Structures are given as structure tokens and as C-alpha cells.
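Observations on the model geometry
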Amino acid sequence: MGMEKTHVNMVIIGHVDSGKSTTTGHLVYKCGGIDQRRLEKFEKAAAQMGKSSFKFAWVLDKLKAERERGITIDISLLKFSTQKYTMTIIDAPGHRDFIKNMITGTSQADVALLVVSAAKGEFEAGVSRSGQTREHALLAYTLGVKQIIVCVNKMDLTEPPYSQKRFDEVVRGVSGFLKKIGYDPVTVPFVPISGWTGENMITATQKMPWFQGWKVRRREGNASGRTLLEVLDSIQPPVRTINKPLRLPLQDVYKIGGVGTVPVGKIETGILKPGMTLMFSPAKLTAEVKSIEMHHQGLETALPGHNVGFNIKNVAVKNLRRGDVAGNAQQDPPSDVSSFEAQVIILNHPGKVKAGYSPVLDCHTAHVTCRFAELKEKLDRRTGKKLADQPQILMSGDAATVKLVPIKPMCVESFFTYPPLGRFAARDLKQTVAVGVIKSVVKDQGSKLKAQVCK
């Protein structure tokens, strides 16, 4: 086995049909995630349905519903290895109605791979006001994914094929809006590929002699290379916080015959071990961990960054749900909040935001409606200096400190104590209307009294 490779979670984002699933499927196939036999099976099945160009995507779109529509719905997790890392891929959906799933996936990632199509008309559709390329990149940034890689896909479909002019045009467009969002374009590698033919993914391209390679400048050191695989090896390994108490937002809860209740999620901070007593919030339940699995292998210790499933005693599946947070019952257990204070930036809200406004907040894996109970102060976006007390309204582009009250029980933390549980996006009208970080929380006092113990 030798040295354990560092674990990196990568989310694949981008507009619908930009080729995310095909690109990812190809990567996983080339880096040992699926065998030739399975690919041939997919190929047959895809051809029978008249969708032969979807064969690599089928690796990811295992869900039947998706096969029919050719769209990725839930977040599928796959594993493959590069020279330096073990990568878990979270393939996030690109369709507008799946933005909620996309947020759950992105909140678990260390690095985002933004797939942009260079095909005629497709790039423009993705970055238009209503396209999702912008919105996904913005969500990735807000949810704390600081490293982003841009894949310029479908280079085989440009006019003429593998056109340098088109590549440069796409790079200019994407750099522009990444910069507006907050990413620094010099730290972002841009790689031209074809997810379908596999051009420039694993081995250097012959068809794009004009491509000199990608370069990035970072504080931690510069990197350069030619292929997508080399980019993945140049990722900065994420810093994991082991010394904090456990926080594990649940992504799903399954009932498995002969095993029992199995919650699944990514450990954000702390350590999970069999035998530990967990407290779930806002479900207000405690339970003991029987066993832990990752990628179908048992684990004795699960660390931050691990996507795990764990078996617990005496808790019915119906009592837990996505968005609940598990923590160590003995060490700063999580609790639901009655209100919290956050610093928000209003993004693309068509009207005016007043006190009482109630969008859906997406924080870690939870999606809960929260009310803007009080607009406390308006701030300068760049410097954070106060501009006005108790503003009456907020418009697009404004930054402010607000008090938020969740409409139903919700567990969040301040950004300073548990960063992954302290960032959120607010959605309304089928789009992201605000993003923010939580500065302080008021814990629900009743939650201590109502905790039930299940042994």
C-alpha cells in the first residue's frame, strides 16, 4: 500500500451539456475507476437508445432517470487516482432546476473543475445572464472552494476544429467573470480538451500544436504543464482541521437491510470513530456509531475530507434527514440556532430587499427558509467599513450585516469557529440572490432540555 495518498474532493461544475459527465467519465476510465468491460456494456446500452456519444457520461449518470433524459440529477461520487492524490469526484448537475443538488455537492469540495464548452453558441449560452456557468462559479467561491480549474471542452467541435482563436476567446470571457467573482485569474489554469476524444486529458495533445501549456502563479509556488492530469497533480492539498470538534453535515440517510440506519456525509472538522456517541442537530438525537465505511471499505478512523457512511444504533431513518449535523456528544455538540448574524452580499435580486424577506438558505447540506429579521448595517463591499445604520432597503451589489431567523430548526455555526458550516447562499426566484458568512449564532436554549438519548 505504501504511503496513503492525500484525499482531494473535486466538484465538476458548468452549464448543462458542457460535457461535464463525459469529461469526468473519460478521466475516471483512464485513471482506473472503471474497467473496459463495463464501458463496453455502457456503450451497447447507449447505442441502443440512440445516444452513443453519452458512453463516458454513463459511467457517472448511473441513475435510470438520468439515462432517459441524459442529465445528471443527484450527485454521484467516484474515485480515481493521480500520481499525488486520491480524488473523489462529485459530479454536480448543471440544469437550472438542480441548483440545490449542485450546492450540496459544491459544499463538499476542495477544488472545482469548471467545464466550459468551446462549441459554437454553447459557450455564449453558458455565460449569458441566465446561464449557469457564472452562477456555479460564484457558488463555488461562496461555498469556500478557493481553487478552480477551467477546462475548455469540445475543442473538437470549434470552427475550424481545435481553433486557437476560439480557445483564447473563451479564456478571455471566463477570466473576466472569474475576476469579478473574486478569483485571481493568474492562479487559474485553463486547459483545452475534448472529453469525447480524450484530447489533452492524460497525454499531451498533438492536434493543438499552438497550445503552449498552462501556467499558474500562486503564493505557494508556481506550476505549469500541458494536460488536465498534470493540472490535477498541481492542486494545493487542502488543509484539514483535525483538532476541532467533529462536524459532519449529513448528505443523505439510508436504510440498509441487515445493517440498519446509515447516514452519509463529508466530515468537515474533527474525527469520527466507531464507538463514539454522536449528537444530531436539529434532530436532537444521540446515537452510538457502530461502524464506518468509505468507498465500501471499513474504517477505524475517519478524518476531515472523507466522504463516509456510518451505521448507528436505534435511530429510525425517518428521524434524520439531509442537512442535519452530527457532532461528538461529549465535545461541543452541535445545536440548532434560534437566530444568527451574517454578513451578506446581495447579488442579482431584481427588486429591493427589506426586513421580512425570506429566501431559502443553502448552508452546508441544509436548505432552509430564513427570514431577514433585521437589516443592521450597510457596508462597503470592498473594505467592510460601515456606510449606514439600519438601512431600509438593500439592492443588488449591496453588502450588509443582517440578523436571520430560520423558519424551521436549522444547525449552522459561525464562520470563525467552523468555516464550512458558516457560509451560505440564499436562493429565490430560481436564482442565487445573496451569499454570506455567519458572524455569530444564538443557540436555541430549549435544545439542551429536549435531547433524547437512544442507547
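Each value, and the rule that gives it
- Per chain, the residues get numbers from 1 upward, laid out in the order the sequence is written.
- Only residues with pLDDT of 70 or above have their local features reported here, since the model is predicted, and side-chain atom pairs are shown and tallied only from 80 upward, although totals for entire chains, interfaces and linings are computed over all residues.
- Excluding hydrogens and water, the side-chain figures rest on all heavy atoms present in the structure.
- Numbering of helices and strands runs from the N terminus, with a helix taken as a DSSP run of H or I at least four residues long and a strand as a DSSP run of E at least two residues long.
- In predicted models, pLDDT denotes the confidence assigned by the predictor to each residue on a 0 to 100 scale.
- Contacts were defined at the residue level, with two residues in contact if any of their heavy atoms lie within 4.5 Å.
- Any Phe, Tyr or Trp ring, taking Trp's six-membered ring, that has another such ring centre within 6.5 Å forms a pair; planes under 30 degrees apart are called stacked, those over 60 apart edge-to-face, and the others tilted.
- Residue exposure (1.4 Å probe, protein chains only): buried if accessible area is under 20% of the type maximum, exposed if over 50%, otherwise partly exposed.
- Consider the ring centre and the ring normal. A charge sits over the ring if Lys NZ or Arg CZ is within 6 Å of that centre and within 35 degrees of that normal.
- Side-chain atoms alone can form a polar contact between residues adjacent in sequence; in general such a contact is a pair of N or O atoms within 3.5 Å, and within protein one must be able to donate a hydrogen while the other accepts it.
- Patch members must show over 30% relative accessible area and no salt bridge, and they are joined within 9 Å when carrying like charges or within 5 Å when they are nonpolar side chains of Val, Leu, Ile, Met, Phe, Trp or Tyr.
- Each accessible area is a Shrake-Rupley estimate made with a 1.4 Å probe; only the visible protein chains count as cover when residues are assessed.
- The term salt bridge refers to a side-chain nitrogen of Lys or Arg lying within 4 Å of a carboxyl oxygen of Asp or Glu.
- Strands were regarded as paired on the criterion that DSSP finds at least two bridges between them.

Note that the residue after glutamate 159, namely proline 160, is joined by a cis bond; omega there is -10°. Examined against the element boundaries, proline 160 turns out to sit in the loop between strand S5 (147-153) and helix H8 (164-181). Positive phi, close to 55°, is recorded for asparagine 314, a residue that is not glycine. Relative to the assigned elements, asparagine 314 resides in the loop between strand S14 (307-312) and strand S15 (325-328).

The next thing to look at is the confidence of the model for the protein chain. Confidence in the prediction for the protein chain averages 81 pLDDT; 81% of positions are at 70 or higher. Across the protein chain, S15 holds the top mean pLDDT of 96, while strand S23 (residues 452-453) sits lowest at 39. Here residues 63-76 is a poorly scored stretch, pLDDT under 50, and it has 44 contacts once near neighbours within four places are set aside; other chains count. Segment residues 94-100: pLDDT under 50, and 25 contacts once partners within four positions in sequence are set aside and those in other chains are kept.

Applying the stated criterion to the full structure yields six aromatic pairs. Aromatic pair tryptophan 210 and phenylalanine 211: ring centres 6.2 Å apart, planes at 75°, arrangement edge-to-face. Here the two residues tryptophan 210 and phenylalanine 211 agree in accessibility, since each one is buried. When the ring of phenylalanine 415 is compared with that of phenylalanine 416, the centres are 6.0 Å apart and the planes differ by 80°; the resulting orientation is edge-to-face. Given the relative accessible area of 26%, phenylalanine 415 is considered partly exposed. The exposure class assigned to phenylalanine 416 is exposed, which follows from its relative accessible area of 57%. An aromatic cluster is present here, built from Phe167, Trp210 and Phe211 joined pairwise through their rings. For lysine 244, the ring lying beneath its charged end belongs to tyrosine 418, and the centroid distance is 5.9 Å. Over the face of the ring belonging to tyrosine 418 we find arginine 247, whose NZ or CZ atom lies 4.2 Å from the ring centre.

Relative to the helices and strands, threonine 158 resides in the loop between S5 and H8. Among the polar contacts made by the side chain of threonine 158, one reaches the main-chain carbonyl oxygen of methionine 155 at a distance of 3.2 Å. Look past the residues within four positions of threonine 158 in its chain and what remains in contact with it is Ala118, Ser163 and Arg166.

A grouping of Tyr254, Ile256 and Val259 is seen on the molecular surface, where their side chains present a nonpolar patch of about 250 Å² in accessible area. With respect to the helices and strands, the residue isoleucine 256 is situated in strand S9 (residues 248-256).

Among the structural elements, proline 274 can be located in the loop between strand S10 (260-266) and strand S11 (277-281). Spatially, the C-alpha atom of proline 274 lies 7.6 Å from that of threonine 301, the residues being 27 residues apart in sequence. In contact with proline 274, other than residues within four places in its own chain, are Val289, Lys290, Ile292, Leu299 and Glu300.

Both S9 and S15 contribute to a ladder of two bridges, which runs antiparallel. Along S15, the bridge assignment pairs proline 249 with valine 325. Pairing analysis gives six bridges linking S9 to S10, with the strands arranged antiparallel. When the bridges of S10 are listed, isoleucine 256 appears paired with glycine 260. Counting the residues in the hairpin turn of S9 and S10 gives three residues, including glycine 258, whose phi is positive at 80°.

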